[in-house]
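# Summary of the model geometry
Here is what each chain is made of, one letter per residue.
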Amino acid sequence: MKKILVVHPYDESTRQLERVYSGKPCDVLHTRNVSWRYVYSALAEGEYDRVFLLGHGTSLGLCNMETGETVFDRETYERCIRNTGTEIVAIWCNADKFFTKIENPEPHFCTGMFISEVSEAKTYMIEESEEKINEQFELFSKLLSDIFDSPIENYFDYLNEHYTGDSPVIEFNREEMLFD
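Notes on the structure follow. The structure displayed is predicted, hence computed values, not measured ones.

### Brief notes about the nonpolar core
By size, the foremost hydrophobic cluster in this structure holds 32 residues, and its most contacted members are F52 and L144. Residue contacts for F52: discarding those within four places in its chain leaves I4, L5, V6, V7, V20, V89, F148 and Y155. The next biggest cluster of nonpolar side chains, apart from the first, holds 24 residues, and it includes A42, L43, A90 and F98.

### Let's talk about the packing of helix α6 (residues 130–146) against helix α7 (residues 155–162)
Geometry of a packed helix pair, given as the angle between the helix axes and the separation of the axes. The interhelical angle for the contact between α6 and α7, taken along N-to-C directions, is 140°, at an axis separation of 10 Å. Compared by their axis directions, α6 and α7 come out oblique. Note on packing geometry: the crossing formed by α6 with α7 is right-handed. In contact with L139, F140, L143, L144 and D146 of α6, α7 contributes Y155, Y158, L159 and H162. Partitioning the contact of α6 with α7 into residue classes produces seven nonpolar, one polar and one charged.

### Notes on the state of the cysteines
Across all of its chains, the model carries zero disulfides by this definition. C110 takes part in no disulfide bond, and the closest cysteine sulfur to it belongs to C93, at a distance of 12 Å.

### Digging into the side chain of E106
Looking at the secondary structure, you find E106 in the loop between α4 (95–100) and β8 (108–111). In this structure E106 is buried but unpaired, with R82 as the nearest side chain of opposite charge at 4.9 Å. Here the side chain of E106 touches G85 through a polar contact of 2.8 Å, landing on its backbone nitrogen.

### A word on empty space enclosed by the protein
Applying the stated criterion across every chain yields a total of two cavities of 30 Å³ or more. What the largest cavity holds in volume is close to 50 Å³. If you go around the largest cavity, the residues you meet are T14, L17, G55, H56, I91, W92, C93, F114, S116, E120 and F137. For the lining of the largest cavity, the class distribution of residues is six nonpolar, four polar and one charged. Volume-wise, the second largest cavity comes out at about 30 Å³. In terms of lining residues, the second largest cavity is bounded by M1, K2, I4, P25, F148 and D149. Of the residues belonging to the lining of the second largest cavity, the class tally is four nonpolar, no polar and two charged.

### Overview of the environment of L17
Inspection of the secondary structure assignment puts L17 in the loop between β1 (4–7) and α1 (18–21). Under the relative-accessibility criterion, L17 is labelled buried at 1%. Distance in space between the C-alpha atoms of L17 and A90 is 12 Å, their sequence separation being 73 residues. Sequence-distant contacts of L17, that is, excluding residues within four places in its chain, are made with H8, L54, G55, I91, F137 and S141.

Definitions and limits used
- Numbers given to residues run from 1 along each chain, matching the order in which its sequence is written.
- Given that this is a predicted model, residues contribute local features only at a pLDDT of at least 70 and side-chain atom pairs are listed and counted only at 80 or more, while totals for whole chains, interfaces and linings are drawn from all residues.
- Remark: hydrogens and water are excluded; side-chain values derive from all non-hydrogen atoms of the structure.
- The nonpolar core is taken to be a set of buried Ala, Val, Leu, Ile, Met, Phe, Trp, Tyr and Cys residues, with the residues joined through side-chain atoms within 4.5 Å.
- Each residue is assigned to one of three classes by its accessible area relative to the maximum for its type, calculated with a 1.4 Å probe on protein chains only: buried under 20%, partly exposed between the two thresholds, exposed over 50%.
- In this description, contact between two residues means that some pair of their heavy atoms is separated by no more than 4.5 Å.
- Under this scheme, a helix contributes an axis fitted over its contacting stretch, all axes are lines through C-alpha atoms, and angles between N-to-C directions fall in the 0 to 180 degree range.
- Secondary structure elements follow DSSP: runs of H or I no shorter than four residues count as helices, runs of E no shorter than two count as strands, and numbering proceeds from the N terminus.
- Between 65 and 115 degrees an angle is taken as roughly perpendicular, under 35 as roughly parallel, over 145 as roughly antiparallel, and anywhere else as oblique.
- Each helix crossing is assigned a hand: it is left-handed if the near helix lies turned anticlockwise from the far helix by less than a right angle, otherwise right-handed if that turn is clockwise.
- Three categories are distinguished: nonpolar for Ala, Val, Leu, Ile, Met, Phe, Trp, Tyr, Cys and Pro, charged for Asp, Glu, Lys and Arg, and polar for the others, with Gly belonging to the last.
- Disulfides are defined in this document as cysteine sulfur pairs within 2.5 Å.
- Charge convention: Lys and Arg are scored as positive, Asp and Glu as negative, and His as well as the terminal groups of each chain are ignored.
- Any Lys or Arg side-chain nitrogen found within 4 Å of a carboxyl oxygen on Asp or Glu counts as a salt bridge.
- We call two N or O atoms a polar contact when they sit within 3.5 Å, provided that within protein one can donate a hydrogen and the other can accept it, with sequence-adjacent residues counted only if both atoms are side-chain atoms.
- A 1.4 Å probe that fits but cannot get out identifies a cavity on a 1 Å grid over protein atoms alone, an open set with protein on both sides within 12 Å along at least five of seven lines counts as a pocket, and a residue lines either if it has an atom within 4 Å of a point.
- Grid points are joined across faces, edges and corners, and a volume is the space filled by probe spheres set on the points.

Structure follows, in structure tokens:
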């Protein structure tokens, strides 16, 4: 059985992602005050096989929107993940850009821009109701939960096969998934 850490800084707009790990055997960092120090400590001491990084972020890393702090960054990756074989599941906007800056990264599944809010859809000129955006986000979270401890190399194909529907948001998000 894999030892798994979930880092999900609390944010009301990403609550659906709680479904990914709820009731699963894993260690979870999911509070309003998740900080770089907490994440670094957990990774440095935990010897995890897989790490889920969930929420909002940039090409610089996963952020805590409550504090404005980047809680998982390049330094943490280099010091705690590099050359460990730890698998990474990174679900935040522009996680793909974070990993393209790393030469020979550990196995990972990540998203590029991921629409989870109406404001994000509007940025990409996609007209979709809040209800529809929430439905697609709920579906994505359910599917990610279904494959939580499956081999990471299966994530991309599974989500491509099952994360479907008549929604321009789903279509957009599917185009932004990456396994490397």
